[in-house]
Amino acid sequence: MAIKMYEVQPDYMTTPGEILRDTIRSKNLTQEQAAENLGTSVKNLSNIINNQVSITPEMALKFEYVLETPASFWNNLAKNYQEYKLKVHYKWNI
């Protein structure tokens, strides 16, 4: 008897900005403090949090240093979110 495996395809995704916002809060930082620690502007950080700007590999390294979360986590999160948006746009496998 064979066991059938089903792949789960969620129809939503938590955005990188939401996770970043929550991570900043968990470190008891304001956006202003986080931006200063990251060496970026408050506007740029706000744009990332609001998913208007993607997380770059350089910013992921800064997040690793300041927020103590591996750059690979941020890079994968950004990549997966971009893939999800494309799938939704083209209605592939969702």
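Located above this text is the structure these notes cover.
Report on the accompanying structure. Since the structure is predicted, the reported quantities are computational estimates derived from the model, not experimental observations. (Residues numbered from 1 in each chain as written. Predicted model: local features only at pLDDT ≥ 70, side-chain atom pairs only at ≥ 80, totals over all residues. Heavy atoms only, no water.)

1. Let's talk about the side chain of Thr69
Here Thr69 is to be found in the loop between α4 (57-67) and α5 (71-90). Look at Thr69 and you get buried, because its relative accessible area is 16%. Excluding anything up to four places from it in sequence, Thr69 contacts Thr23, Phe63, Glu64 and Trp74. (Helix = DSSP H or I, 4+ residues; strand = E, 2+ residues; numbered from the N terminus. Buried < 20%, exposed > 50% of the residue type's maximum accessible area, 1.4 Å probe, protein only. Contact = heavy atoms within 4.5 Å.)

2. Regarding the packing of α4 against α5
For any two helices packed against each other, the geometry is given by the interaxial angle and the distance between the axes. α5 packs onto α4 with a crossing angle of 140° between their chain directions and a minimal axis gap of 7 Å. The angle between α4 and α5 places the two elements in the oblique class. By crossing handedness, the relation of α4 to α5 is classed as right-handed. Residues Pro57, Ala60, Leu61, Phe63, Glu64 and Leu67 of α4 lie in contact with α5, whose contacting residues are Ala71, Trp74 and Asn75. (Axes fitted to C-alpha atoms, helices over the stretch in contact; angles between N-to-C directions. Parallel < 35°, antiparallel > 145°, perpendicular 65-115°, else oblique. Left-handed = near helix turned anticlockwise from the far one by under 90°.)

3. Things to note about the packing of helix α2 (residues 31-38) against helix α3 (residues 42-49)
Look at α2 against α3: their axes get within 9 Å of each other, and the N-to-C directions meet at 110°. Here α3 runs roughly perpendicular to α2, going by the angle between their axes. The residues of α3 that touch α2, namely those facing Gln31, Glu32, Ala34, Ala35 and Leu38, are Val42, Leu45, Ser46 and Ile49. Taken together, the residues of the contact of α2 with α3 break down into 6 nonpolar, 2 polar and 1 charged. (Nonpolar A, V, L, I, M, F, W, Y, C, P; charged D, E, K, R; others polar.)

4. Things to note about the environment of Thr14
Looking at the element boundaries, Thr14 is found in the segment before α1 (16-26). Remark: the alpha-carbon pair of Thr14 and Tyr81, spanning 67 residues in sequence, is separated by 8.3 Å.

Shape is all these values report; function is a separate question.
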